[in-house]
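# Notes for the structure review
Below are the chains, spelled out letter by letter.
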Amino acid sequence: MKNIIALLVICFGLNLNAQTGQGPNFEIGLGYALKHTEGFGIPKAYVGVNNLFSGLGAYVSPEYRGNITFLEDGTNYYFRIPMGLTFEINENVACFAGADPISYAQGKNLRKELGLAFYTGPLTIRTGYSYWVGATIGVGYRFGANPAAISFQGRQPRKSQSSGLAVAQKQPEPQIIERIDTVIVKEEVIKEVVKEVVKEVVKPTELTQIAVLYFEFNTTSYTRESQLKLEALATAIKENPSEDIVIIGHTDEVGTDAYNYTLGLNRAQKVANFLVNTRGVAATRIEVRSEGLETPSSAGTPEMNRRVVVYFKK
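Residues numbered from 1 in each chain as written. Predicted model: local features only at pLDDT ≥ 70, side-chain atom pairs only at ≥ 80, totals over all residues. Heavy atoms only, no water.

Attention shifts here to empty space enclosed by the protein. In the structure shown here, the tally under the stated rule is four cavities of 30 Å³ or more. In this structure, the largest cavity spans a volume of roughly 140 Å³. Along the walls of the largest cavity sit 17 residues, with Lys44, Tyr46, Ser61, Arg126 and Gly138 positioned nearest its centre. Broken down by secondary-structure element, the contributors of at least two residues to the lining of the largest cavity are strand E1 (25-33), strand E2 (42-53) and strand E10 (134-143). Among the elements that line the lining of the largest cavity, the one with the most residues is E10, at five residues. Its residues assigned to classes, the lining of the largest cavity comprises seven nonpolar, six polar and four charged. (1 Å grid on protein atoms, 1.4 Å probe; cavity = no way out; pocket = protein on both sides within 12 Å on 5 of 7 lines; lining within 4 Å. Points joined across faces, edges and corners; volume = space filled by probe spheres on them. Helix = DSSP H or I, 4+ residues; strand = E, 2+ residues; numbered from the N terminus. Nonpolar A, V, L, I, M, F, W, Y, C, P; charged D, E, K, R; others polar.)

Here is the structure:
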């Protein structure tokens, strides 16, 4: 029991800084306890509600096995009802812990469990362990969860940038900020009339870097250090109301061009939404762009490449 309480405390502490990216969702599933201490396996069901509040959820997981000799209860069947809590650590991982208080109240051994759940889109894969029934495995389906699977792609041959842009543009999402589908800074053409002759003078746009924010692997979740920089960034922007802002997202080199272009764009969009929705920066001042994996950081490490760079534009 002490192990379960310790796991709950640890998971809740991790959850305080988590960014799950999902709302409440209902889950059902099936599983199997591989081997009870008396030598038999046990089918199990799973019914739960995830992320009711700040990543916290609850579940019930009935277990039943008939046509066996269950010495502990003196019956020809096994039946327990573990129930407990779940904590979403991030978009892809949750921990859970539970026990069967009903059987325990009847003087039987306390059936307790703890484990991890891995999310991939609406599907859940669960693995756990209990002293009495050994390792457990299971699979579930989350109704109301994001239908797009979270990708953990390995390195793949690069495709042309043009094909990557085409794929990314096929994934519409609501926007409040103007998006520019190129990382080349726009050039302004100024026409000067001298003695009735029109000349075109190219004036490049200047970008002045004001902040770099870093992200966790394959997500739009800030690192802890970058989370603490957001207020300073908002203050600097509000103190320069005449300056426009350019926000450019970057990724490491894991995955395809198309996937990383979209991931970089989503990271930049998250920063823009923070400035507009929570700090009152005018949306007309902001441009959101993505360079995906095409512009690695000079530091040369994957952690430094998972970033968003914010500029003043002149």
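Additional details are given in the paragraphs that follow.
This brings us to the pairing of strand E4 (residues 63-70). Relative to strand E5 (residues 75-80), E4 is paired through five bridges, and the arrangement is antiparallel. The residue of E5 that forms the bridge with Glu63 is Arg80. The antiparallel hairpin formed by E4 and E5 contains four residues in its connecting segment, where Gly74 sits at a positive phi of about 70°. (Pairing = 2+ DSSP bridges.)

For helix H5 (residues 230-238), every residue scored as buried is listed here: Leu230, Leu233, Ala234 and Ile237. With its buried residues spanning 95° around the axis, H5 presents them on a single face. (Buried < 20%, exposed > 50% of the residue type's maximum accessible area, 1.4 Å probe, protein only. Arc of directions from axis to C-beta.)

Looking now at unusual backbone geometry. Glycine aside, negative phi is the norm for most residues, and most peptide bonds take the trans geometry. The backbone of Asn51 shows a phi angle near 55°, a positive value even though the residue is not glycine. As for its placement among the helices and strands, Asn51 is situated in strand E2. Positioned with a positive phi, Asn67 is a non-glycine residue whose angle comes to about 60°. In this fold, Asn67 is placed in strand E4.

Here we come to the pattern of salt bridges. For the coordinates displayed, the defined rule picks out twelve salt bridges. Measuring nitrogen to oxygen at the nearest pair gives 3.8 Å for the salt bridge that ties Glu113 to Lys44. One end of the pair, Glu113, is in strand E8 (residues 112-120); the other, Lys44, is in strand E2, with 69 residues separating them in the sequence. In this structure, Glu113 and Lys44 share a single accessibility class: buried. Across the pair Asp252 and Arg306 runs a salt bridge whose closest N-O atoms are separated by 2.7 Å. In this pair, Asp252 is assigned in the loop between strand E15 (244-250) and helix H6 (257-279) and Arg306 in the loop between helix H7 (302-305) and strand E17 (307-313), connecting sequence segments 54 residues apart. In the salt-bridge network here, residues are joined through shared partners; they are Lys44, Glu63, Arg111 and Glu113. (Salt bridge = Lys/Arg side-chain N within 4 Å of Asp/Glu carboxyl O.)

Scanning the entire structure with this criterion turns up ten aromatic pairs. When the centroid spacing of 5.9 Å and the interplanar angle of 90° are considered together, the rings of Phe40 and Phe70 count as edge-to-face. Here Phe40, found in the loop between E1 and E2, pairs with Phe70, found in strand E4; they are 30 residues apart in sequence, far enough to count as distant. In this structure Phe40 comes out as buried when scored by relative accessible area, which is 7%. Through successive ring pairs, a cluster of aromatic residues spans Phe26, Tyr141 and Phe143. One Lys or Arg, Arg126, reaches over the ring of Phe96 and ends 5.3 Å from the middle of that ring. (Phe/Tyr/Trp six-rings, centres within 6.5 Å; stacked < 30°, edge-to-face > 60°. Lys NZ or Arg CZ within 6 Å of the ring centre and 35° of its normal.)

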